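The primary structure of each chain is shown beneath.
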Amino acid sequence: MSGAEWERILAEAADEGALFLLVTGGEALLRPDFRRIWMAAKRAGLLPELFTNGSLVTADVAGFLADWPPTRVSVTLYGATEESYEAMTGRKGMLGRTLESLDLLARRGVRVEVKSLLTRRNAEEFDRIRELCLSFGAPFRWDAEPFGNAGSGLGLPDEERLRGSDVVALEKRDPGRWTEW
């Protein structure tokens, strides 16, 4: 859809009483008119949240988000080492780019949440992933339910998924989550 179509739909949604907007993708920051759509949502009175892998957050993007604040930016952290990150995403250099993005957002005062998807490829890094997330002063969320297909960077979900007992063991290592349960 064009930016104009998005502007119309966002205005209609706000007129009908919508309040929250989750902007996700793929990667929403790939859209050349992302800023136009984001500003249209804010001007319509919506409260947007951005889900991103962080790879396209530059100083300029962080500044834009500081000027047009989201309810939060939710960044997925797929590992604590470049090797595990590449195994999860199929792309080199992503951990460094993601951590740099989180730093840019934090320095601009943009509210962030850091989350992770734990699978057989990165579960042994759970404590390091949690420490990285918490180092940005952001809440840490994680999930152990991979979805998708082999073309998404991960293998098939049944091949990647942790056993239930492994998930429970990780939950016990996450004090906040274990207390919540």
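Residues numbered from 1 in each chain as written. Predicted model: local features only at pLDDT ≥ 70, side-chain atom pairs only at ≥ 80, totals over all residues. Heavy atoms only, no water.

By secondary structure assignment, the location of glutamate 125 is in the loop between strand S4 (112-117) and helix H6 (126-135). Despite its burial, glutamate 125 pairs with no opposite charge; the closest candidate is arginine 128, at 4.7 Å N-O. Not counting chain neighbours up to four residues away, the residues in contact with glutamate 125 comprise Gly79, Ala80, Thr81 and Ser84. (Helix = DSSP H or I, 4+ residues; strand = E, 2+ residues; numbered from the N terminus. Buried < 20%, exposed > 50% of the residue type's maximum accessible area, 1.4 Å probe, protein only. Lys, Arg positive; Asp, Glu negative; His and termini not counted. Salt bridge = Lys/Arg side-chain N within 4 Å of Asp/Glu carboxyl O. Contact = heavy atoms within 4.5 Å.)

Throughout the structure, instances matching the rule amount to 13 salt bridges. The closest approach of N and O atoms between aspartate 60 and arginine 35, which form a salt bridge, is 2.6 Å. Linking aspartate 60 in helix H3 (residues 59-67) with arginine 35 in helix H2 (residues 34-43), this pair joins segments that are 25 residues apart in sequence. When its relative accessible area of 29% is taken as the criterion, arginine 35 is described as partly exposed. Taken together, the shared-partner salt bridges connect Glu49, Arg72, Glu113 and Arg141 into one network.

Before going further, it helps to examine the pairing of S4. In terms of residue burial, S4 counts as a mostly covered element, since 6 of its 6 residues are buried. Of the two faces of S4, both are covered, the one formed by Val112, Val114 and Ser116 as well as the one formed by Glu113, Lys115 and Leu117. Bridge count for S4 against strand S5 (residues 140-143) is 4 bridges, and the pairing is parallel. Of the residues in S5, the one forming a bridge with valine 114 is phenylalanine 140. Crossover handedness for the path S4 to H6 to S5: right-handed. (Pairing = 2+ DSSP bridges. Right-handed = clockwise from strand over helix to strand, strands pointing away.)

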